[in-house]
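# Observations on the three-dimensional arrangement
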Amino acid sequence: MPSLGRLHLITDTRAGCNPLGVVRAALTAARADLVVQVRVEDSATDRAAYELTRAVLALCAPYGATCLVNDRLHVALAAGAAGGHVGADDLPVTAARHVLGPTGVLGATAREPGTAVDAVVAGANYLGVGPCHTTSTKPGLPDPIGPEGVRAVTDAVDVPVIAIGGVTAARVPALRAAGAYGVAVVGALSTAADPARATAELLRALA
């Protein structure tokens, strides 16, 4: 498995956002420490997801940064991404591992120790845990679990835990203290006036 960076940037493809511009800016600050997870709106076509993934891969390549695809594992394989991430309503982790094969990077979403352990046993290389705080980036999410919920998961598994949901640089120290290996962000970078500077601030908080 490629070295997993501590800062995960999830692409924001909502109207008015510039996902490639944000990825480009973040890479200048984070370089190989960045993992870019391509996530598109449910209404997006597979072609659109594929083209965005190929564009992100082209941006990541000079820096050695890892590119993953959320949910659409067939797009990850077709585009040549390092792997993918599955949420609670996506393919089961066992099935996702079968699709990606033994060497693909596979992340899975969890919010409590039992499902976290099951995901790791089924083949997840890392876990996205949250939402840690309230966020408006993705609708329909369950209540935030806070750093305490992150700690409950990190105590139960031995794979990297990536905290997600309402993450800001100011909130990173508490999440790291709770055992999180890293954090995943959407709005913290996609809505930042200066994404490169915001990336640098997150990396300093993660260090």
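Presented here is a report on the structure given in the accompanying data block. Since the structure is predicted, the reported quantities are computational estimates derived from the model, not experimental observations.

About the criteria used
- Residues numbered from 1 in each chain as written.
- Predicted model: local features only at pLDDT ≥ 70, side-chain atom pairs only at ≥ 80, totals over all residues.
- Heavy atoms only, no water.
- Core = buried A, V, L, I, M, F, W, Y, C linked by side-chain atoms within 4.5 Å.
- Buried < 20%, exposed > 50% of the residue type's maximum accessible area, 1.4 Å probe, protein only.
- Helix = DSSP H or I, 4+ residues; strand = E, 2+ residues; numbered from the N terminus.
- Patch = residues over 30% accessible without salt bridge, like charges linked within 9 Å, V, L, I, M, F, W, Y side chains within 5 Å.
- Areas by Shrake-Rupley, 256 points an atom, 1.4 Å probe, with all protein chains shown as cover.
- Salt bridge = Lys/Arg side-chain N within 4 Å of Asp/Glu carboxyl O.
- Pairing = 2+ DSSP bridges.
- Axes fitted to C-alpha atoms, helices over the stretch in contact; angles between N-to-C directions.
- Contact = heavy atoms within 4.5 Å.

## Quick look at the nonpolar core
Grouped burial of nonpolar side chains is what soluble globular proteins tend to show. If you look at the biggest cluster of nonpolar residues, it comprises 57 residues, and the most contacted ones within it are Leu7, Leu34, Leu127, Val150, Leu175, Val183 and Leu189. In terms of residue count, helix α2 (residues 46-60) provides more of this core than any other element does, six residues in total. If you look at the next biggest cluster of nonpolar residues, it comprises nine residues, including Leu4, Leu68, Ala184 and Val186.

## Concerning a nonpolar patch on the surface
A surface patch of nonpolar side chains, amounting to about 230 Å² of accessible area, comprises Leu77, Leu91 and Val99. On the secondary structure map, Leu91 appears in the loop between β4 (83-86) and α4 (93-100). The class of Leu91 is partly exposed, set by a relative accessible area of 39%.

## Description of the sheet that holds strand β2 (residues 34-38)
In spatial order, the strands read β1-β2-β3-β4-β5-β6-β7-β8; together these eight strands close into a barrel with parallel pairing. Put simply, the sheet's adjacent strands are angled 25° from each other on average, direction ignored. Bridging between strand β1 (residues 7-10) and strand β8 (residues 182-185) involves three bridges; their strand directions are parallel. Counterpart to Leu9 in the pairing with β8 is Val185. Across the face of the sheet, α4 comes into contact with β4 and β5 (105-110) while running at roughly 165° to β5.

## Examining unusual backbone geometry
Here the residue pair Gly130 and Pro131 is connected by a cis peptide bond, since its omega of 0° sits within 30 degrees of zero. As for its placement among the helices and strands, Pro131 is situated in the loop between β6 (126-129) and α6 (146-154). With a phi close to 50°, Arg31 is a non-glycine residue in the positive phi region. Topologically, Arg31 is positioned in the loop between α1 (19-30) and β2. On the basis of relative accessibility, which here comes to 48%, the residue Arg31 falls in the partly exposed class. Of note, the phi angle at Asp71 is positive, near 70°, even though the residue is not glycine. Looking at where Asp71 falls in the secondary structure, it is placed in the loop between β3 (66-70) and α3 (73-79).

## Re the environment of Gly179
Tracing the sequence through the fold places Gly179 in the loop between α7 (172-177) and β8. The spacing of Gly179 and Val153 is 26 residues in sequence and 8.8 Å in space, taken between C-alpha atoms. Once residues lying within four places of it in the same chain are set aside, the contact partners of Gly179 are Arg151 and Thr154.

## Notes on the pattern of salt bridges
For the structure shown, the criterion picks out four salt bridges. As a salt-bridge pair, Asp155 and Arg151 come within 3.4 Å of each other at their nearest N and O atoms. The class of Asp155 is exposed, set by a relative accessible area of 57%.

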